[in-house]
Amino acid sequence: MRRIGFWAAVAATIIAGGTAGTALAEGDPAAGQVVFKKCAVCHSIDAGVNKVGPSLHGIVGRKSATAPGFDYSAAMKGANKEWTAKELDTYLTDPRALVPGTKMVFVGLKAQADRDNVIAYLATLK
């Protein structure tokens, strides 16, 4: 019984993003592609194709404000983030709270499952 409690605690820590560099609970990329339709109004998934927002191709693991050819806000240029799954989760919850002054006007994805799924989908875009 003690061993199960230990592994449950380890799993809870990983799911909560409690260790540096670990992904959040795995989402469903197919479901994330559906949720991404909300993002596709402003963001492309094609490398080098920017719209109102920068291309999100290769976003997972990328430094903030580095998509070629996109004119980022001063706030995003100064944010100095690495778009890990954990950082994307925080950003997608409330973009303007994490990066005050960002040009992104989207209010965020409030449902954890939506964020997990979109992040899983974005991680496939390499």
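Worth saying up front: this structure is predicted, and the values here are computed from it rather than measured. (Residues numbered from 1 in each chain as written. Predicted model: local features only at pLDDT ≥ 70, side-chain atom pairs only at ≥ 80, totals over all residues. Heavy atoms only, no water.)

Within the sequence span of helix 4 (residues 85–93), burial applies to Ala85, Leu88, Asp89, Tyr91 and Leu92. Residues of helix 4 that are buried sit in contact with helix 3 (74–79), helix 5 (95–98) and helix 6 (112–123). (Buried < 20%, exposed > 50% of the residue type's maximum accessible area, 1.4 Å probe, protein only. Helix = DSSP H or I, 4+ residues; strand = E, 2+ residues; numbered from the N terminus. Contact = heavy atoms within 4.5 Å.)

What follows covers the pattern of salt bridges. Under the criterion given, the structure shown has two salt bridges. For Arg115, the salt bridge identified is with Asp89, shortest N-O distance 2.8 Å. Taken together, the residues span a long stretch of sequence, with Arg115 in helix 6 and Asp89 in helix 4 at a distance of 26 residues. (Salt bridge = Lys/Arg side-chain N within 4 Å of Asp/Glu carboxyl O.)

Take the state of the cysteines next. Evaluated as defined, the whole model comprises zero disulfides. A disulfide-free cysteine, Cys39 has its sulfur positioned 8.9 Å from the sulfur of Cys42, the nearest such atom. (Disulfide = S-S within 2.5 Å.)

Okay, the confidence of the model for the protein next. Taken as a whole, the protein shows an average pLDDT of 86; of its residues, 80% reach a score of 70 or greater. Across residues 1–23, confidence stays below pLDDT 50; counting only partners more than four residues off in sequence or on other chains, it has 11 contacts. (pLDDT = per-residue confidence, 0-100.)

It is worth spelling out the environment of Pro68 at this point. Tracing the backbone shows Pro68 in the loop between helix 2 (29–35) and helix 3. Note on Pro68: relative accessible area 64%, which makes it exposed. Distance in space between the C-alpha atoms of Pro68 and Ser55 is 8.7 Å, their sequence separation being 13 residues.

What follows concerns the nonpolar core. Counting 24 residues, the largest nonpolar core has Ile59, Met76 and Leu122 as the members making the most contacts within it. Sequence-distant contacts of Ile59, that is, excluding residues within four places in its chain, are made with Trp83, Leu88 and Leu122. (Core = buried A, V, L, I, M, F, W, Y, C linked by side-chain atoms within 4.5 Å.)

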